[in-house]
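Listed here are the chains, written in short residue letters.
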Amino acid sequence: MVVPHHPGGARLARHRLAAELTDVVPPTILADLIAVLAELVGNAVRHARPLPGGVIRVAWHLRPTVEGTLIQLRVTDGGSASSGPRLRTAGLDAADGRGLHIVAGLATRWGVEQDGMGQRVWAEFDRVPAPRPDLVPAAG
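Source: prediction; values computed, not measured. (Residues numbered from 1 in each chain as written. Predicted model: local features only at pLDDT ≥ 70, side-chain atom pairs only at ≥ 80, totals over all residues. Heavy atoms only, no water.)

Caption draft 1: Local environment of the side chain of Asp77. Position of Asp77 relative to the elements: it lies in strand S3 (residues 69–77). At 7.5 Å, Arg49 is the nearest oppositely charged side chain to Asp77, a buried residue that forms no salt bridge. A distance of 2.8 Å separates the side chain of Asp77 from the backbone nitrogen of Gly79, its partner in a polar contact. Apart from the residues within four sequence positions on either side, Asp77 is in contact with Ala44, Ala48, Arg49, Leu51, Met117, Gly118 and Gln119. (Helix = DSSP H or I, 4+ residues; strand = E, 2+ residues; numbered from the N terminus. Buried < 20%, exposed > 50% of the residue type's maximum accessible area, 1.4 Å probe, protein only. Lys, Arg positive; Asp, Glu negative; His and termini not counted. Salt bridge = Lys/Arg side-chain N within 4 Å of Asp/Glu carboxyl O. Polar contact = N/O pair within 3.5 Å; in protein donor to acceptor, adjacent residues only side chain to side chain. Contact = heavy atoms within 4.5 Å.)

If you want it as structure tokens, here you go:
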């Protein structure tokens, strides 16, 4: 999917991901996927140039494996003047700098691929169990 290179793009991506995967993955995994996708799109908006047309490309892919399902999230933008996304050390009072630590903590692995058009930041989640229809999350 394509979203605008604007903070509202993260909201659109989160809603679409939730709509498509609600009945496919367990709610706790879906919450992690949504958090990681929001962080990756937010970083693209804050730190990278848009793709032509003022957009960011967002995608997810599910692949069955012997252990469960592998899910990959991808966010493609126009790249930045800096060296690209990397983990930073944020001070206790810092307003930002923790997002990729969240991504690294929730995803099995993540990385960055660059080409002549920009960059793609991806995060993978291994062995996502199949949903259990007999288990219903408690109402909050």
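There's more to say after this.
Caption draft 2: Summary view of the packing of helix H1 (residues 7–21) against helix H2 (residues 27–47). Closest axis-to-axis distance for the H1/H2 pair is 9 Å, and the angle between their directions is 155°. Considering their axes alone, H1 and H2 lie roughly antiparallel with respect to each other. Classified by chirality, the crossing of H2 by H1 is right-handed. In contact with Pro7, Gly9, Ala10, Ala13, Arg14, Leu17, Ala18 and Leu21 of H1, H2 contributes Leu30, Leu33, Ile34, Leu37, Ala38, Val41 and Val45. Partitioned by chemical class, the residues of the contact of H1 with H2 number 13 nonpolar, one polar and one charged. (Axes fitted to C-alpha atoms, helices over the stretch in contact; angles between N-to-C directions. Parallel < 35°, antiparallel > 145°, perpendicular 65-115°, else oblique. Left-handed = near helix turned anticlockwise from the far one by under 90°. Nonpolar A, V, L, I, M, F, W, Y, C, P; charged D, E, K, R; others polar.)

Caption draft 3: Region of the structure containing the pattern of salt bridges. Applying the stated criterion to the full structure yields five salt bridges. Two residues, Arg16 and Glu20, come together in a salt bridge whose shortest N-O distance is 2.7 Å. Residue Arg16 and its partner Glu20 are located together in helix H1, separated by four residues, close to a single helical turn. One salt bridge in this structure joins Arg120 and Glu113, with 2.8 Å as the shortest N-O distance. The class for Glu113 is partly exposed, based on a relative accessible area of 39%. Via salt bridges that share partners, Arg109, Glu124 and Asp126 belong to a single interconnected network.

Caption draft 4: Spatial organisation of the environment of Arg16. Of the residues examined, Arg16 reaches a relative accessible area of 38% and is grouped as partly exposed. Distance from Arg16 to Met1, taken between C-alpha atoms, is 8.8 Å for residues 15 residues apart in sequence. Residues contacting Arg16, with those up to four places away along its chain left out, are Met1 and Trp60.

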